[in-house]
Amino acid sequence: MSKAYKVTRHTIKFNKDNIHDVFSVQPVSYGLLTTDDVANQIAAESSATPGDVKNVLDRYAHYVKQNLKKGYSIELLGFGKLDIRFVKSGTVDDEKKATAALVKGMIPDFSPSFKIVNGKRIYDLMPEKISLVKYTGVVPPNNTTEETPTETPGGSGDDSDLGN
């Protein structure tokens, strides 16, 4: 399996005489799989019909919303935990001032499930072996052909994610 990336350029201006271009890499997606696509894939590998799968997915989304509304977190084994995260306006220096007024909004929060192996996080949703390939503007047919990797990163054991 592989994940495509593209090189991006960023111009950093410290002042009018100190301008630098720096380069980084960003992940590239080959496209978006819809609920119909996923339902058809699951149905092809099970005794359920695409309609059955879509019904289960619809009910799952419904009950996630209902239970988040009731104050519960939802964990799906092998996937992760869904919760609500606060968007806060800041902090205060007095406990009595720490009220709901600090909450400016709420957004869904997802924490992927993982296990610790040899001190590294192994995420359940990540393939065991994944290599990086430079995006050339061409999408592999059905994204099933293996490409020759140009680099081999840490893969799912990479503990350097910024999300934690």
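Residues numbered from 1 in each chain as written. Predicted model: local features only at pLDDT ≥ 70, side-chain atom pairs only at ≥ 80, totals over all residues. Heavy atoms only, no water.

Teacher, can you tell me more about the packing of helix α1 (residues 35-44) against helix α2 (residues 50-69) here?
Angle between the axes and distance between the axes are the two parameters that describe a pair of packed helices. Two numbers describe how α1 lies on α2: the axes approach to 8 Å, and their chain directions differ by 120 degrees. Viewed along their axes, α1 and α2 adopt a mutual orientation that is oblique. At the point where α1 passes α2, the crossing takes the right-handed sense. Contact residues: α1 offers Thr35, Asp36, Ala39, Asn40, Ile42 and Ala43, while α2 offers Pro50, Val53, Lys54 and Leu57. Residue composition of the contact of α1 with α2, grouped by class: six nonpolar, two polar and two charged. (Axes fitted to C-alpha atoms, helices over the stretch in contact; angles between N-to-C directions. Helix = DSSP H or I, 4+ residues; strand = E, 2+ residues; numbered from the N terminus. Parallel < 35°, antiparallel > 145°, perpendicular 65-115°, else oblique. Left-handed = near helix turned anticlockwise from the far one by under 90°. Contact = heavy atoms within 4.5 Å. Nonpolar A, V, L, I, M, F, W, Y, C, P; charged D, E, K, R; others polar.)

How should I be thinking about α2 in this particular structure?
For an α-helix, the turn length of 3.6 residues means that residues three or four places apart are oriented alike. With 20 residues, α2 ought to run about 28 Å at 1.5 Å a step, and its terminal C-alpha atoms sit 29 Å apart, in line with that. Taken residue by residue, α2 has Val53, Val64 and Leu68 as its buried positions. The buried residues of α2 occupy an angular sector of 30 degrees when the element is viewed end-on, so they sit on one face. Facing away from the buried side of α2 by over 90 degrees, the exposed positions are Lys65 and Lys69. Those residues of α2 that are buried lie in contact with α1, β3 (74-76) and β4 (80-88). (Expected span 1.5 Å × (residues − 1). Buried < 20%, exposed > 50% of the residue type's maximum accessible area, 1.4 Å probe, protein only. Arc of directions from axis to C-beta.)

Is there a simple way to explain the pattern of salt bridges in this structure?
Between side chains of opposite charge, pairing is possible as soon as their charged atoms come close. Evaluation of the coordinates by the stated rule reveals five salt bridges. A salt bridge links Asp36 to Lys54; the nearest nitrogen and oxygen atoms lie 2.9 Å apart. You can see Asp36 sitting in helix α1 and its partner Lys54 sitting in helix α2, a full 18 residues away along the chain. Two residues, Lys115 and Asp124, come together in a salt bridge whose shortest N-O distance is 3.4 Å. (Salt bridge = Lys/Arg side-chain N within 4 Å of Asp/Glu carboxyl O.)

Explanation requested: the sheet that holds strand β2 (residues 18-28) in the structure shown.
Hydrogen bonding along the main chain pairs the strands of a sheet, whether they run parallel or antiparallel. Ordered in space as β2-β1-β8, the three strands form an open sheet in which the pairing is mixed. Since the sheet does not close on itself, it has two edges, and those belong to β2 and β8 (131-134), each with one partner. Looking at each pair of strands side by side, their axes are set apart by 45 degrees on average, direction ignored. (Pairing = 2+ DSSP bridges.)

Teacher, can you tell me more about the environment of Ala43 here?
Its location among the elements puts Ala43 in helix α1. On the basis of relative accessibility, which here comes to 12%, the residue Ala43 falls in the buried class. Taking the C-alpha atoms as reference points, Ala43 and Val53, separated by ten residues in sequence, lie 6.9 Å from one another. The residues contacting Ala43, other than those within four sequence positions of it, are Ala48, Thr49, Pro50 and Val53.

Any link to function would need more than the numbers given here.
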